[in-house]
Amino acid sequence: MKNLRALPFLVLSALLALSPAAPLCGADTPTITISKSDKLSIAIGSLSGADSAQVVKILQNDLAMSGYFNFVPAAAAGFVVGGASNGNSLAGTVTDRGGKIVLSKTFNGSERGKVHQFADEIVETLTGSKGIANSKIAFVATRTGHKEIYVADPDGSGVHQLSSDANISVSPKLSPDGSKLVYTGYKSGYADVYEIDLGNGSRNRIIKFPGTNSGATYSPDGRSLAVTLSKDGNPELYVTSAGGGSPRRLTRTPGVESSPTWSPDGNEIIYSCDDRGAPQLYRISSGGGSGRPINTGHGYNTEPNWSPDGKKVAFTVREGGSFSVCVLDLAGGGCRTVASGEGPAWGPDSRHLIYSSGAAVILLDAQTGQKTTLVSGLGKISEPSWSR
């Protein structure tokens, strides 16, 4: 019984969507109040197994993080979660108020992995939206005294240092499925692009043309990379194969192109370019052509990130020496400031985004305005990335 889209709570999306009717760029973060009745009532019922207590804890946190649910006693719940956990297997069920099973599925993986899968299946079954629990986040942190790459679960757990280059490692970008990561490293003495397989830990230097090779990001299908290269002189935007070969030049400007982000269908790329002085946002066909400026209402715009639903782009603006995160509605042009920080990255649900704020990675529910600190205590943190 997938995609119960007609449920009344979904009216909330229409009421709280980032409306293009009233441009708010530069305004303070809006305060939005959501009552419990706007969420689906759910209960964690009988869940057996030796690790059931930990499974319940992780599951409840995952469902709460999604923003769609209000936890109530089973007798008052619209949906009740149950199941059995045995080692690396979790047989999960969800029943509605009438006792009808709306979800029954077995999930395999680590203790956290199997629960994250179950949580995302619950979200998608009951709301029609993608879950975020089974994704991955990455970021740069300076705990060791050097900029190194770290990965974690989207709830901030399982933080793991991925690179140990003892140099400068920046611009991490996760593949859409979260299985690989590319980053810009200076281990060779020059800016090159490296790829790490998160499954086996293997690392390869995949882009090493003469000059600068930086800021690579995967296409939605994972088969291509958009990257800034200076192999022909000026730093320009190129598209390469996923392995870094067959570079195809997209831009030809006197400025520096950086921070490419793909449209969900892979047909366009939004990027930042300073050919007119301060950096501005542009969009260009991934097949080539001319970059078209995007009017944000701000004079300094960097680090764009296209939402998976294709409707919005989040980006960093600088005003008066401070950085803020803004979200632009691409259809209507409405724009608002949603947080103080930089480097925004959308989650798979196009509702949540992460950004850095000095020494922390912050999770923002862009629908409610709720902020949660995910990671801290690792020195200065920057450039977060999120798998799709």
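Everything in this summary refers to the structure shown in the same document. Keep in mind the model is a prediction, meaning the values are calculated, not measured.

**A look at the pattern of salt bridges**
Tallied over the entire structure, the rule returns 13 salt bridges. The salt bridge involving Asp153 is made with Lys136; its shortest N-O contact spans 2.8 Å. Of this pair, Asp153 sits in the loop between β7 (148-152) and β8 (160-161) while Lys136 sits in the loop between α3 (111-127) and β6 (137-141), and the two are 17 residues apart along the sequence. Residue classification places Asp153 among the buried residues on the basis of a relative accessible area of 8%. Taking the shortest distance from any N to any O, the salt bridge between Glu236 and Arg249 comes out at 3.4 Å. Taken together, the residues span a long stretch of sequence, with Glu236 in strand β15 (residues 236-241) and Arg249 in strand β16 (residues 248-249) at a distance of 13 residues. The class for Arg249 is partly exposed, based on a relative accessible area of 26%.

**A word on the side chain of Glu148**
Following the sequence through the fold, Glu148 ends up in strand β7. With no salt bridge to any partner, buried Glu148 finds its closest opposite charge in Arg203, at an N-O distance of 6.8 Å. Of note is the side chain of Glu148, whose polar atom sits 2.5 Å from the side chain of Ser163. Here the side chain of Glu148 touches Asp165 through a polar contact of 3.0 Å, landing on its backbone nitrogen. When residues no more than four places from it in sequence are discounted, the contact partners of Glu148 are Phe139, Val140, Ala141, Gln161, Ser163, Ser164, Asp165, Ala166, Asn167 and Ser169.

**Focus: the packing of aromatic side chains**
Taken as a whole and judged by the stated rule, the model has 4 aromatic pairs. With 5.8 Å between their ring centres and 5° between their planes, Phe139 and Tyr150 make a pair best called stacked. In this pair, Phe139 is assigned in strand β6 and Tyr150 in strand β7, connecting sequence segments 11 residues apart. When the centroid spacing of 5.5 Å and the interplanar angle of 20° are considered together, the rings of Tyr183 and Tyr194 count as stacked. With Tyr183 in strand β10 (residues 180-185) and Tyr194 in strand β11 (residues 192-197), this pair connects stretches of sequence that are 11 residues apart. Considered together, Tyr183 and Tyr194 belong to a single accessibility category, that of buried residues. Here the guanidinium or amino end of Arg351 rests over the ring plane of Tyr68, the centre of that ring lying 4.7 Å away.

**Focus on unusual backbone geometry**
Positive phi values are uncommon outside glycine, yet Glu303 reaches one of about 50°. Within the secondary structure, Glu303 sits in strand β21 (residues 301-306). Backbone geometry places Glu383, a non-glycine residue, at a positive phi of 50°. With respect to the secondary-structure elements, Glu383 resides in strand β29 (residues 381-386).

Reading the values: rules and limits
- Residues numbered from 1 in each chain as written.
- Predicted model: local features only at pLDDT ≥ 70, side-chain atom pairs only at ≥ 80, totals over all residues.
- Heavy atoms only, no water.
- Salt bridge = Lys/Arg side-chain N within 4 Å of Asp/Glu carboxyl O.
- Helix = DSSP H or I, 4+ residues; strand = E, 2+ residues; numbered from the N terminus.
- Buried < 20%, exposed > 50% of the residue type's maximum accessible area, 1.4 Å probe, protein only.
- Lys, Arg positive; Asp, Glu negative; His and termini not counted.
- Polar contact = N/O pair within 3.5 Å; in protein donor to acceptor, adjacent residues only side chain to side chain.
- Contact = heavy atoms within 4.5 Å.
- Phe/Tyr/Trp six-rings, centres within 6.5 Å; stacked < 30°, edge-to-face > 60°.
- Lys NZ or Arg CZ within 6 Å of the ring centre and 35° of its normal.

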